[in-house]
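Understanding the architecture of this molecule
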Amino acid sequence: MNVGSGSAPGADPEPMMELNMTPLIDVMLVLIIMLIITIPKQNHSVNLNMPVGTPPPPTTEPVVVTIDVDFDGTILWDNQVVPDRNTLEAKLSNVAAQADQPEVHLRPNKLVEYKVVAGVMASAQRLGVTKIGLVGNEQFQ
């Protein structure tokens, strides 16, 4: 509260030079509440269609094909050297043509260039191999 400034009793009071902040704060609070109410609820979930129940146990053991990539870029198919890219792609196309595809385990050496491993994965994808995965290999590294 502002008490007089000590002017003469009959003189006009001096105008108040301070802005009353209370109505401004009230308006801002109302605007913030309206904004909070109108913001849509954020949903950070992904809807997945998960299978119901327990799957039956596999009737047969899966066939596993191992592709090793040595540190110098040499490609081995089940421990046999693949001489060139065409031979590798022929073997991958045979795998992709089977009705029940075998699992392809790709085991790159930790020193091999990435482009060699990426080339093998790209060939497998292009030819339609669906069961491929990278496998760590302690003995081959």
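Residues numbered from 1 in each chain as written. Predicted model: local features only at pLDDT ≥ 70, side-chain atom pairs only at ≥ 80, totals over all residues. Heavy atoms only, no water.

The chain appears in an unreviewed UniProt entry as Biopolymer transporter ExbD from Janthinobacterium svalbardensis. The Function (unreviewed entry) field of the UniProt record for the chain holds the comment "Involved in the TonB-dependent energy-dependent transport of various receptor-bound substrates." (UniProt positions renumbered as here; feature names shortened; annotations may be inferred.)

1. Section: the pairing of strand S1 (residues 64–69)
When a strand is regular, its side chains alternate between the sheet's two faces. Buried residues dominate S1, accounting for five of its six residues. Sheet analysis places S1 next to strand S4 (residues 103–108), joined by six bridges and oriented parallel. Bridge pairing in S4 links Asp68 to Arg107. Turn length for the S1-strand S2 (residues 75–77) hairpin, with the two strands adjacent in sequence and antiparallel, is five residues, and the turn residue Gly73 shows positive phi of about 95°. (Buried < 20%, exposed > 50% of the residue type's maximum accessible area, 1.4 Å probe, protein only. Helix = DSSP H or I, 4+ residues; strand = E, 2+ residues; numbered from the N terminus. Pairing = 2+ DSSP bridges.)

2. A word on the UniProt feature "transmembrane region" (unreviewed entry) in the chain
Under the feature "transmembrane region" (unreviewed entry), the UniProt entry names residues 20–40. Annotation note: span residues 20–40, helix share 81%, strand share 0%, distance between end C-alpha atoms 34 Å.

3. Thoughts on a nonpolar patch on the surface
Nonpolar side chains collect at one region of the surface, where Leu19, Met21, Leu24, Ile25, Leu29, Ile32 and Ile36 lie side by side and expose about 700 Å² of accessible area between them. By the element assignment, Leu29 lies in helix H1 (residues 22–38). Accessibility expressed as a relative area gives 47% for Leu29, which makes it partly exposed. (Patch = residues over 30% accessible without salt bridge, like charges linked within 9 Å, V, L, I, M, F, W, Y side chains within 5 Å. Areas by Shrake-Rupley, 256 points an atom, 1.4 Å probe, with all protein chains shown as cover. Salt bridge = Lys/Arg side-chain N within 4 Å of Asp/Glu carboxyl O.)

4. Description of the sheet that holds S2
Overall, mixed pairing links the five strands, which are arranged S3-S2-S1-S4-S5 in an open sheet. With one partner strand each, in any of the chains shown, strand S3 (80–82) and strand S5 (132–134) form the two edges of the open sheet. When strand polarity is set aside, the average angle formed by the axes of neighbouring strands in this sheet is 30°. Bridge analysis of S4 against S5 gives three bridges, and the strand direction is parallel. Note on S5: the bridge partner recorded for His105 is Gly133. (Axes fitted to C-alpha atoms, helices over the stretch in contact; angles between N-to-C directions.)

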